[in-house]
Amino acid sequence: MRGVTISVKPGQSVALLGSNGAGKSTLLKAVSGILLPSKGSIRFEGESILGKDPSIIVSMGLAHVPEGREIFPLLTVKQNLLLGAYSRLDKRNVKGDFDLVLHYFPDLQRLLKMEAKVLSGGQQQMLALGRAIMSKPRLLLLDEPSLGLSPIIVKEIFSILKKLQKDLGLSILIVEQNAKLALNLSDYAYVLELGRVAMSDSTGNVMNSRDIQEFYLGMHQDSQIGKKRWKNRKTWR
Amino acid sequence: MSGLASGCVYGLVALGFVLIYKATEAINFAQGDFMMFGAFIIIWLANESFLGLPFLFAIPFGLVIMALISASFDKLVLQRVAGEPQIVIVILTIAAGFILRFFAGVIWGYEPLSLETPIVGKYLSLGGVVLSLAEIGVIVLTVMFTITLYIFFSFTKMGVALMAISQNQLAASHVGIPVRKLQSFTWVLAGIVAGSAGILYASKGAVDPSVGLIGIKAFAAAVIGGFGSLPGALLGGLVIGIVEPFSARFIGSGYSHLMPYIILLLILFLKPNGLISQVRSKKV
């Protein structure tokens, strides 16, 4: 990646769009300290977090929900959630946040004693989100929260995310293949292409852009394209 | 009975293998030699001919020394090669095993030594069955040690975090667990486990610098138990410990040393994930 500048203001939600290999996940990993960028600067609330250990970055209030959920399969759901609060210093409020997470994700309530590996994909994603909330973040990095989930579950998860964002005043930086969902959740969007920012604007403007409609939202008008697309050809003769 | 006792020792060494493997994804081939060194240290501290400290004082002291050796191996050697391929770490641990064997030989000599404990060589006769007190002690201590470890890994915050690292290292760093620090702590723990195994080994038989080679059998035990599972490692150790004397009796003592590996092959053919499997298929 080169020459990418991205900022998320407090309380703002930002979507990061782009095709495979554009560098979206890499960017998130660099922010949360999993990867060390060779150059550049990363600041969180004015403080540089470049090169800090991920555990310190989490304790500063920045939680990363990675792609593919990444739960602890053999620990119980409850243990998974409590580990989210591992780096917190205010131990006394952990119990309250535990109840808060169960309030937002009521499905997890009856699963608390089960090993996390028996959960369905959607429940695992809720667990991963709940675990991130347990660290009491002010900025949430979400990497493909809809990956491999059914449309109904995805809808549910996004409505919960919307509620969390509103109630807790969370800032969110979301990477999502499903551009429509991501844009619905956020107020600002960046489009990455091959490691650089191709476009950045408020969500409304991005949605109205022809290129975005064509490439990411799947709404294309035939008149717009001179040549017939190969996809629409009936035969190759 | 003596099979159970040596099974306990195999199990503890196997436990050391699994601990390190789970936390750092590397295999510490020096685990057997760590045990041997721990055995020598306890002999050196407790025996009359050396320091002659009181036995109950020598045990914690010996364990602390082993923890320090293990931790400094991690700190001085392994942290410097962090990020290198696993094979580098594996070869370094093999080298550490050779170095420990050499030092043990130079310091304490190559003649077998045995520990003088209050219970060594005493026997208990129960309804016609003669039991060695030392062996009973070994079994009781292993059970207590295992229960302690179980409580540590299931109920303490740090123990649960270690389990989390072993199950998913990436997720562990995502939720803010200080992975590096806890990995170093795992080396401390592995040193203590090796020291305990050494104490048990020394109290049930003679020790010379080459006994670290039971590490190979313990490695087989860890694989039999399903590499990666803590209870599996102990179970695998017990299986090998019990089968060995039986096969010595019914097949021939020369063949008994083959048994661990025959069991290993059988397990790998029949139940490749081990007795207690922890392999999961990853959903994408």
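A look at the overall build of chain B
Right, so step 1: Along chain B, the regular secondary structure elements total 12 helices and two strands.
Right, so step 2: For chain B, the sequential pattern of α-helices and β-strands runs α-α-α-α-β-β-α-α-α-α-α-α-α-α.
Right, so step 3: Over its C-alpha atoms chain B spans a radius of gyration of 19 Å, differing by no more than 12% from the 19 Å that the globule rule assigns to 284 residues.
Right, so step 4: Counting all 284 residues of chain B, 51% fall into the buried class.
Right, so step 5: In chain B, 72% of the contacts between residues at least 6 apart in sequence involve partners at least 24 apart.
Right, so step 6: Carbon and sulfur atoms form 72% of the exposed surface of chain B, whose accessible area is close to 13200 Å².
Right, so step 7: Here chain B contributes 15 positively and 10 negatively charged side chains, and the mean placements of these two sets differ by 16 Å.

Side note on the side chain of Ser 173 of chain B
Right, so step 1: Looking at where Ser 173 of chain B falls in the secondary structure, it is placed in helix H7 (residues 169-174).
Right, so step 2: When neighbours within four sequence positions are excluded, Ser 173 of chain B is seen to be in contact with Ile 34, Pro 54 and Val 58 of chain A together with Val 179 of chain B.

Things to note about the packing of aromatic side chains
Right, so step 1: Within the structure shown, the criterion is met by 16 aromatic pairs over all chains.
Right, so step 2: Residues Phe 17 of chain B and Phe 219 of chain B carry aromatic rings whose centres are separated by 5.3 Å and whose planes lie at 70 degrees to one another, so their mutual orientation is edge-to-face. Of the two residues, Phe 17 of chain B sits in helix H1 (residues 2-24) while Phe 219 of chain B sits in helix H9 (residues 214-224), which places them 202 residues apart along the sequence.
Right, so step 3: Put simply, the rings of Phe 17, Tyr 21, Phe 29, Phe 219 and Phe 227 of chain B pair up and form one aromatic cluster.
Right, so step 4: Directly above the ring of Phe 72 of chain A sits Arg 131 of chain A, whose terminal nitrogen or CZ lies 5.0 Å from the centroid.

A look at the environment of Val 130 of chain B
All names here are of chain B.
Right, so step 1: Following the sequence through the fold, Val 130 ends up in strand E2 (residues 129-132).
Right, so step 2: Its relative accessible area of 56% is what places Val 130 among the exposed residues.
Right, so step 3: Sequence-distant contacts of Val 130, defined by excluding residues within four places in its chain, comprise Tyr 123, Leu 124 and Ser 125.

Some words on the nonpolar core
Right, so step 1: Grouped together as the largest cluster of nonpolar side chains are 86 residues, with contacts concentrated most on Phe 72 and Leu 83 of chain A together with Leu 15, Met 35, Phe 153, Ile 177 and Val 207 of chain B.
Right, so step 2: In terms of nonpolar packing, the next biggest core, distinct from the first, is built from 48 residues, Ala 85, Leu 102, Leu 119 and Ile 133 of chain A among them.

Quick look at the interface of chain A and chain B
Right, so step 1: Across the boundary between the two partners, chain A contributes 22 residues, which contact 23 residues of chain B.
Right, so step 2: Of the roughly 2000 Å² buried where chain A meets chain B, counting both sides, 64% is carbon and sulfur surface.
Right, so step 3: When residues of chain A are sorted by the area they lose upon contact with chain B, Glu 70, Phe 72 and Tyr 86 of chain A head the list and together hold 32% of the total.
Right, so step 4: Put simply, chain A and chain B have zero salt bridges between them.
Right, so step 5: Along the contact surface separating chain A from chain B lie five residue pairs in polar contact (both at pLDDT 80 or more).
Right, so step 6: Within the residue set of the side of chain A that touches chain B, elements represented by two or more residues are helix H2 (54-59) and helix H3 (77-83) of chain A.
Right, so step 7: Of the residues assigned to the side of chain A that touches chain B, the class counts are 12 nonpolar, six polar and four charged.

Some points on the confidence of the model for chain B
All names here are of chain B.
Right, so step 1: Of the residues in chain B, 95% reach a pLDDT of 70 or more, and the chain-wide mean stands at 84.
Right, so step 2: Model confidence for chain B, summarised as mean pLDDT per element, is weakest for strand E1 (residues 123-126) at 72 and strongest for helix H2 (residues 31-46) at 91.
Right, so step 3: pLDDT under 50 marks residues 280-284. Its contacts with residues more than four places away, or in other chains, come to five contacts.
Right, so step 4: Predicted as a complex, the structure gets a pTM of 0.78 and an ipTM equal to 0.79.

A look at unusual backbone geometry
Residues and elements named next belong to chain A.
Right, so step 1: A positive phi angle, near 50 degrees, is found at Lys 136, a position not held by glycine.
Right, so step 2: In this structure, Lys 136 sits in the loop between helix H5 (121-133) and strand E5 (139-143).
Right, so step 3: The exposure class of Lys 136 is partly exposed, given its relative accessible area of 46%.
Right, so step 4: A positive phi is found at Glu 144, a non-glycine position, where the angle reads about 50 degrees.
Right, so step 5: Checked against the element boundaries, Glu 144 lands in the loop between E5 and helix H6 (151-168).

Definitions and limits used
Residues numbered from 1 in each chain as written. Chains lettered and ligands numbered in written order. Predicted model: local features only at pLDDT ≥ 70, side-chain atom pairs only at ≥ 80, totals over all residues. Heavy atoms only, no water. Helix = DSSP H or I, 4+ residues; strand = E, 2+ residues; numbered from the N terminus. Rg over C-alpha atoms; globule rule 2.2 N^0.38 Å. Buried < 20%, exposed > 50% of the residue type's maximum accessible area, 1.4 Å probe, protein only. Contact = heavy atoms within 4.5 Å. Areas by Shrake-Rupley, 256 points an atom, 1.4 Å probe, with all protein chains shown as cover. Lys, Arg positive; Asp, Glu negative; His and termini not counted. Charge placed at Lys NZ, Arg CZ, Asp CG, Glu CD. Phe/Tyr/Trp six-rings, centres within 6.5 Å; stacked < 30°, edge-to-face > 60°. Lys NZ or Arg CZ within 6 Å of the ring centre and 35° of its normal. Core = buried A, V, L, I, M, F, W, Y, C linked by side-chain atoms within 4.5 Å. Buried area = accessible area lost by both parts, 1.4 Å probe. Salt bridge = Lys/Arg side-chain N within 4 Å of Asp/Glu carboxyl O. Polar contact = N/O pair within 3.5 Å; in protein donor to acceptor, adjacent residues only side chain to side chain. Nonpolar A, V, L, I, M, F, W, Y, C, P; charged D, E, K, R; others polar. pLDDT = per-residue confidence, 0-100.

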